[in-house]
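Here are the chains, one letter per residue:
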Amino acid sequence: MRQAQSTDRTIVIYNTKKLQLAVYAMTPRIILSRLLSSSLGPLIRQNTAVQHSAVQAEASSSTKVWQQSHPLVVRVFSSFPSWLPPSHGGVSRTSTPLSLPLPGSPLIPAYQNPLQPPPTEMTVLENGVRIISEATPGPTASMGMYVDSGSIYESQEASGSSALLECLAFKSTKHRSALRIASEVDKIGSHVLANASREQMSYTIDCLKTHTPAALELLCDCVLNPLLESEEIEEQKARLMMLLGSKDVQLTLLNEMLVRTAYKGALGKPLIPDPDQLVKITPDQIRSFLNSAYTGPRTVLAASGIEHARLVEMVTPMLQQVPKGPADIVIEPVSHYEGGFVHLPGPNPEPNLLLAFEYNGGWRDVKGAVAMTVLTYLMGGGSSFSSGGPGKGMHSRLYTRVLTQYAWANSCTSFNSTFNESGLIGIQASCEPAYVANMLNVMCNEMEAVSRSVGQVELDRAKKAAISVISNALESKATSSEDIGRQFLTYGHRISGREYVEMISSLTSSELCSFVSRLLETKPSLAVVGDGVEAASYDVLLRRYGSGSSSESPVSRGGVQKSPSAAGRLSKALGLGAWGSNSANS
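Source: prediction; values computed, not measured.

Asks: Mind showing me how you'd approach the overall build of the protein here?
Replies: Assigned secondary structure in the protein consists of 22 helices and 17 strands. Of the contacts made within the protein by residues no fewer than 6 positions apart, 80% connect residues no fewer than 24 positions apart. Summed over its atoms, the accessible surface of the protein is roughly 27700 Å², and 55% of this surface lies on carbon and sulfur atoms.

Asks: I'm lost on the packing of aromatic side chains in this one. Help?
Replies: The way to describe two aromatic rings as a pair is by their centre distance and the angle between their planes. Per the stated rule, a full pass over the model turns up 8 aromatic pairs. Three or more aromatic residues joined by ring pairs form one cluster here, namely Tyr-263, Tyr-337 and Phe-419. The ring of Tyr-153 carries Arg-298 above its face, with NZ or CZ at 4.6 Å from the centroid.

Asks: Mind showing me how you'd approach the side chain of Arg-176 here?
Replies: If you trace the backbone, Arg-176 turns up in the loop between helix H6 (161-167) and helix H7 (178-187). Here Glu-217 takes part through its side chain, which lies 2.3 Å from a polar atom of the side chain of Arg-176. Filtering out sequence-adjacent residues up to four positions away, Arg-176 remains in contact with Ile-181, Glu-184, Glu-217, Leu-218 and Asp-221.

Asks: Teacher, can you tell me more about the sheet that holds strand S9 (residues 299-304) here?
Replies: Within the open sheet, the 6 strands sit side by side as S3-S4-S9-S5-S7-S6. Their pairing is mixed. Looking at the sheet topology across the chains shown, the edges are occupied by strand S3 (121-124) and strand S6 (191-196). Between one strand axis and the next, the sheet turns through 15 degrees on average, direction left out of account. Pairing between strand S5 (residues 140-147) and strand S7 (residues 201-208): 8 bridges, direction antiparallel.

Asks: Teacher, can you tell me more about the pairing of S3 here?
Replies: By the bridge criterion, 4 bridges tie S3 to strand S4 (residues 130-134) in an arrangement that is antiparallel. Across the sheet, the residue bridging to Val-124 is Arg-130, located in S4. Between S3 and S4, which pair antiparallel one after the other, the connecting turn spans 5 residues, and Gly-128 there sits at a positive phi close to 100 degrees.

Asks: Mind showing me how you'd approach unusual backbone geometry here?
Replies: A positive phi angle is found at Phe-170, which is not glycine, with a value near 60 degrees. Its place among the elements puts Phe-170 in the loop between H6 and H7. Phi is positive for Leu-228, which is not a glycine, with a value near 55 degrees. Relative to the elements of secondary structure, Leu-228 occurs in the loop between helix H8 (212-224) and helix H9 (230-244).

Asks: Would you mind going over the pattern of salt bridges with me for this structure?
Replies: A side chain of one charge can pair with a side chain of the opposite charge when the charged atoms of the two come close. All chains considered together, the criterion is met by 18 salt bridges. With a shortest N-O distance of 3.2 Å, Asp-284 and Arg-287 are connected by a salt bridge. You can see Asp-284 and its partner Arg-287 sitting in helix H12 (residues 283-293), 3 residues apart, about one turn around the helix. Relative accessible area serves as the criterion here: at 29%, Arg-287 is assigned to the partly exposed category.

Asks: Just to check I follow, could you spell out the nonpolar core for this structure?
Replies: Here is a general trend for soluble globular proteins: nonpolar side chains tend to be buried in one another's company. Ranked by internal contacts, the top residues of the largest apolar core, which has 69 residues, are Met-143, Leu-165, Tyr-203, Tyr-294, Leu-301 and Leu-319. The element best represented in this core is H8, accounting for 7 residues. When near neighbours in sequence (up to four residues on either side) are disregarded, Tyr-203 contacts Met-143, Gly-144, Met-145, Leu-165, Ala-169, Phe-170, Leu-193, Ala-194, Leu-219, Val-223 and Tyr-294. The next biggest cluster of nonpolar side chains, apart from the first, holds 56 residues, and it includes Leu-353, Trp-408, Val-528 and Ala-536.

Calculation rules
Residues numbered from 1 in each chain as written. Predicted model: local features only at pLDDT ≥ 70, side-chain atom pairs only at ≥ 80, totals over all residues. Heavy atoms only, no water. Helix = DSSP H or I, 4+ residues; strand = E, 2+ residues; numbered from the N terminus. Contact = heavy atoms within 4.5 Å. Areas by Shrake-Rupley, 256 points an atom, 1.4 Å probe, with all protein chains shown as cover. Phe/Tyr/Trp six-rings, centres within 6.5 Å; stacked < 30°, edge-to-face > 60°. Lys NZ or Arg CZ within 6 Å of the ring centre and 35° of its normal. Polar contact = N/O pair within 3.5 Å; in protein donor to acceptor, adjacent residues only side chain to side chain. Pairing = 2+ DSSP bridges. Axes fitted to C-alpha atoms, helices over the stretch in contact; angles between N-to-C directions. Salt bridge = Lys/Arg side-chain N within 4 Å of Asp/Glu carboxyl O. Buried < 20%, exposed > 50% of the residue type's maximum accessible area, 1.4 Å probe, protein only. Core = buried A, V, L, I, M, F, W, Y, C linked by side-chain atoms within 4.5 Å.

Written out as structure tokens, the structure reads:
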């Protein structure tokens, strides 16, 4: 039973015990909503405007007694009308949706995406250093120094210097300690990275545009003024030794041994130093290698997200100290592809195999580079534990024709190791020890199948996958900056992402089949590790493919300047760097 009575402009509500419990279980907003929708609604609305002042004005003892006996009701009505809607006597206020501008605020035009990408601008200093950038919009910037230096330029005594220089990057300089460098990197919230390869060295730093001056000065100091302290060198040697002894790098070492075996000459020199050679390297040998390789004509500073004029103004005083060097022409050492077989010793319950063939021309053969890129995604692959979803390679040839057909196949994926004038492309696989011979036969069958025919549907899928990866990667300023630096080191100009995408789109099925047919005419290269790999006979491969015809052709032509007319190096900027190879589902 419930009654309401209005006396002295105060609403009094009488509740039964049951109703009172229900009232106490509800929030004040719910109570008011229920009351307004009941028969008491008109009476409440009539008295709402004066309730707040009435309750406080009547301070008689009887009113205090009533308030003490009805605390919840008093609390509800004492807050009137602060949270009531205007129609019920509440205070009105302006409420602007987030989709509309604030009243009286100036209208700011929306950002318009440019129809054309920003141009790539270049300035060459007197000492030969090239400063190259594009003013990509956004709040961040990426800068990098790229040097035409790597293991192919190392002498036998200095072998391993490039790998150690990567480990020593952003350590102590002539002006900063390693601790201060780490502190400054943290202070500006930047990301630093160094990378050594057989043909190039790179040092990169990413940050907000507001920290660009500090980041550039830090980058130049670390690259041009390394201290090369004996203590830090020994520390990095120990770190490398520990890393090389880990089983986690076994596949990386297998790829390293494959390249050493396949090539004679410069490309056959170790990128990952052998332990015996690593302990022999001295600070003077590293310093001598650095002084001979880090010269003006071999150095590029590339940036993305910075106005070119501003970049040149900031960095020119620092780069002027780079020595010009003895010559403006970079002479590449000669290499020859010969193929071969290597067995990496050591127990492993899961045998791994790398089968590769050579494609002459490398990154400088634009058609070959495009075909290599599409072939990598066409073959695809993965492991037996791959999860589904876009980009996982589950519609690629090696997944549908190998991993879903043979229960003993643990992984099967395409890979490539590409250099300026040559490259290796093939299949990496692992299986149960009893099926090593079967696995090698399946790998050969899949390479041969692509040389015979490629369906238009799977070709279009592979091209779209490659285009998707390239387009998405170039959204990153770090990738764009790296692409600029590496292309200018090799060609002297840049092929844009749009041009590379057009070349991929124009690739036909017959061109891809012809490319693979030429691969299979070369002498195969095979690297194995693990239990049961004795069944992988290299003699069987030689009988199947012959001895090849490329062993007498030089890969790199010594004394020849890098051709600026060659095209296509975008994939290199998207691949692995230091000691790895590129794969379709990496």
